[in-house]
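# Structural overview for review
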Amino acid sequence: MSTKAFLKSHIPPNDGNLVRSIKNFKKFDEMISKQLIIICALMVTSSNACKCRKVPLQRQYCQADFVLRGSPTSVAAVNSNERVYTIDVHTTFRIRVYYIIYRVNISKLYTKETKVSCGRRLKLGEQYVITGFMQKYRAGKYKPYITACTYAKMWKRMSPRERSYMGAHCVSDCVQFLYTSHLVKKKSTKNL
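Now for a description of the structure that goes with this document.

Let's shift gears to the overall build of the protein. Along the protein, the regular secondary structure elements total six helices and six strands. Taking all 192 residues of the protein together, the buried fraction comes to 30%. For the protein, long-range pairs separated by at least 24 residues make up 66% of all intrachain contacts whose partners lie at least 6 apart in sequence. Of the roughly 13200 Å² of accessible surface on the protein, a fraction of 58% belongs to carbon and sulfur atoms.

On to unusual backbone geometry. Of note in this structure, Cys 118 is not a glycine but carries a positive phi near 75°. Relative to the elements of secondary structure, Cys 118 occurs in the loop between β3 (108-112) and β4 (128-138).

Here we take up the environment of Lys 54. By the element assignment, Lys 54 lies in the loop between α2 (16-47) and α3 (57-63). On the basis of relative accessible area, Lys 54 is assigned to the exposed category, the value being 83%. Taking the C-alpha atoms as reference points, Lys 54 and Cys 149, 95 residues apart in sequence, are found 8.5 Å from one another.

What follows concerns the packing of aromatic side chains. What the rule picks out here adds up to one aromatic pair. Relative to Tyr 145, the ring of Phe 133 lies with its centre 5.8 Å away and its plane at 35°, an arrangement referred to as tilted. A residue pair is termed long-range when its members are at least 10 positions apart, and Phe 133 in strand β4 and Tyr 145 in strand β5 (residues 141-145) qualify at twelve residues. For Phe 133, a relative accessible area of 30% puts it in the partly exposed group. The lysine or arginine in question, Arg 69, covers the ring of Trp 155, its NZ or CZ lying 4.3 Å from the ring centre.

In this section: the pattern of salt bridges. Enumeration according to the criterion identifies five salt bridges in this entry. The partner of Lys 153 in a salt bridge is Glu 162, with the nearest N and O atoms 3.1 Å apart. For Lys 153, a relative accessible area of 26% corresponds to the partly exposed category. Classification of Glu 162 by relative accessible area gives buried; the value is 19%.

Attention now moves to the side chain of Arg 83. Checked against the element boundaries, Arg 83 lands in strand β2 (residues 82-95). Since its relative accessible area comes to 15%, Arg 83 is described here as buried. Within the structure, Arg 83 has its side chain in polar contact with the side chain of Glu 113 (distance 2.9 Å). Other than its neighbours up to four places away in sequence, Arg 83 contacts Val 75, Ala 76, Ala 77, Val 78, Leu 109, Tyr 110, Thr 111, Lys 112, Glu 113 and Arg 121.

In the structure shown here, the tally under the stated rule is two disulfides. Across the disulfide from Cys 50 sits Cys 118; the S-S distance is 1.8 Å. Across the S-S bond linking Cys 50 and Cys 118, the dihedral sits near 95°, which makes this disulfide right-handed. Note that Cys 50 is positioned in the loop between α2 and α3 and Cys 118 in the loop between β3 and β4, a separation of 68 residues in sequence. Between the sulfur atoms of Cys 52 and its disulfide partner Cys 149 the distance amounts to 1.9 Å. With the S-S bond torsion at -75°, the cross-link from Cys 52 to Cys 149 turns out left-handed.

Basis of the calculations
- Residues numbered from 1 in each chain as written.
- Predicted model: local features only at pLDDT ≥ 70, side-chain atom pairs only at ≥ 80, totals over all residues.
- Heavy atoms only, no water.
- Helix = DSSP H or I, 4+ residues; strand = E, 2+ residues; numbered from the N terminus.
- Buried < 20%, exposed > 50% of the residue type's maximum accessible area, 1.4 Å probe, protein only.
- Contact = heavy atoms within 4.5 Å.
- Areas by Shrake-Rupley, 256 points an atom, 1.4 Å probe, with all protein chains shown as cover.
- Phe/Tyr/Trp six-rings, centres within 6.5 Å; stacked < 30°, edge-to-face > 60°.
- Lys NZ or Arg CZ within 6 Å of the ring centre and 35° of its normal.
- Salt bridge = Lys/Arg side-chain N within 4 Å of Asp/Glu carboxyl O.
- Polar contact = N/O pair within 3.5 Å; in protein donor to acceptor, adjacent residues only side chain to side chain.
- Disulfide = S-S within 2.5 Å.

Pasting the structure below:
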């Protein structure tokens, strides 16, 4: 039984207040329905939030297109979905040769605007170690990109072990890491 039919059967007809009450009830019912739809949409959106796996520092370092130590000096909105941090780069630990050839400027790091879309927030003036990747946005044009899933840790909060890892021996570790990763992949494809 609908709400309207229920009200008609329990309240005497020909009452002007009744018609107004029914109209107000319909408006209230429509308003509640719209709010429920909005709440459901927000729940679905938040369930699709950014999710990152825990990845060891060595893997992030070796798989990154660039690794740097620097301090964000400013932040600006590029558009409604993206922001850019201007970075005072103190040390470049790693950058792939390919991007040096293309003269990619790593003093500007791009990220998504919101955490839900995996955007990264950095405190201005703090010194960070940051890993990231290059995102192609035009033929032959790349921009350095960071996300909530890429490594970005304040230098002062890094352990002595993490700090020492950023030195020269890291390159040899990457060669060993990439070589053993390749062997594991090769072995697993043979088993198929």
